[in-house]
Amino acid sequence: MTTAQTSQLTPAALPPSVFTLPQTAQLEALYTIIRDKTTSRGDFLFYSDRIIRLLVEEGLNHLPVVPKTIETPTGSVYEGVGFEGKICGVSILRAGEAMEAGLREVCRSVRIGKILIQRDEETAQPKLFYCKFPEDIAQRYVLLLDPMLATGGSAIKAVEILKEQGVPEERIIFINLIAAPEGLRRFCSKFPALRVVITGWIDKGLNEKAFIIPGLGDFGERRYCE
Ligand code: URA
């Protein structure tokens with residue numbers, strides 16, 4: 001059993017594009033449930049969904065707004081704001097698919113693309129196996145969804161593919177539940193102009209099998225398998 005806890009990365013030491021959720025006792029309690037190996041699949045689904053919802057809301061906080069004036073039912077004029085551009089989600093399969101429902105709950109009828117990246121057995125590099133995007137993705141802000149940022153390999157490949165589709169780094173918001181510091185640094189140094197990385201928790205590091213420590217194990221297995 002390891003006693004490793006969370007990262008020594010202080011907020012000041014984080015790359016400037018990285019934002020974490022407020023590290024409250026409430027959030028830590030949610031993470032304690034999903035990290036616990038004895039947690040049932042039902043509870044894992046319920047509590048990881050709660051965190052995903054918080055992450056999506058935080059991601060939306062980083063979208064630009066424009067002034068918008070409306071009239072309220074009292075006849076008053078209200079000078080508010082409205083979202084500036086169109087968005088879409090892109091999930092990195094398969095684990096990222098688990099975050100789609102959380103995005104749909106918040107953004108009704110949002111368009112969602114998918115990317116399947118796997119390790120190429122010959123080169124040991126991440127390789128694109130499948131992708132499907134909204135046809136106008138280059139005009140949208142993209143919320144890129146993947147729950148675990150470990151080495152950063154898949155996320156880097158996914159952003160390269162999005163850039164090939166014409167999506168500028170400045171329009172990409174990468175959302176994940178747990179990040180390893182080494183993956184986070186690698187990802188952020190590769191894409192300095194990327195809009196933001198929203199992560200729920202930054203853990204201590206990676207083990208020899210590239211699992212996040214303390215982490216929660218294999219997110220896909222815990223989410224989809226009994
Ligand atoms: N993917 C997972 O599901 N878990 C990890 O710890 C790392 C990558």
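Residues numbered from 1 in each chain as written. Predicted model: local features only at pLDDT ≥ 70, side-chain atom pairs only at ≥ 80, totals over all residues.

For the chain, the name recorded in an unreviewed UniProt entry is uracil phosphoribosyltransferase, with Pisolithus tinctorius Marx 270 as its organism. Its UniProt record gives the chain the following Sequence similarities (unreviewed entry) comment, quoted word for word: "Belongs to the UPRTase family." (UniProt positions renumbered as here; feature names shortened; annotations may be inferred.)

1. Topic: the nonpolar core
Counting 52 residues, the largest nonpolar core has Val142, Leu144, Ile172 and Ile175 as its most contacted members. The element best represented in this core is strand S9 (residues 172–179), accounting for seven residues. Not counting chain neighbours up to four residues away, the residues in contact with Ile175 comprise Leu55, Val56, Gly59, Met99, Leu143, Leu144, Leu145 and Ile198. (Core = buried A, V, L, I, M, F, W, Y, C linked by C-beta atoms within 7 Å. Buried ≥ 20, exposed ≤ 12 C-beta atoms within 10 Å, placed from the backbone. Helix = DSSP H or I, 4+ residues; strand = E, 2+ residues; numbered from the N terminus. Contact = placed C-beta atoms within 7 Å.)

2. Some remarks on the site of the ligand
In the vicinity of the ligand, the residues found are Ala95, Met148, Ala150, Phe211, Ile212, Gly215, Asp218, Phe219 and Gly220. Residue classes in the shell around the ligand are distributed as six nonpolar, two polar and one charged. (Near = placed C-beta within 6 Å. Nonpolar A, V, L, I, M, F, W, Y, C, P; charged D, E, K, R; others polar.)

3. What to know about the environment of Thr32
Inspection of the secondary structure assignment puts Thr32 in helix H1 (residues 25–35). The class of Thr32 is exposed, set by 11 C-beta atoms lying within 10 Å. Each C-alpha atom, one on Thr32 and one on Glu58, is 21 Å from the other, the two residues being 26 residues apart in sequence.

4. Details of the UniProt feature "domain: Phosphoribosyltransferase" (unreviewed entry) in the chain
Per the UniProt entry, the sites bearing "domain: Phosphoribosyltransferase" (unreviewed entry) are residues 22–224 in this numbering. Annotated as residues 22–224, this span is 33% helix and 31% strand, and its ends, taken at the C-alpha atoms, are 28 Å apart.

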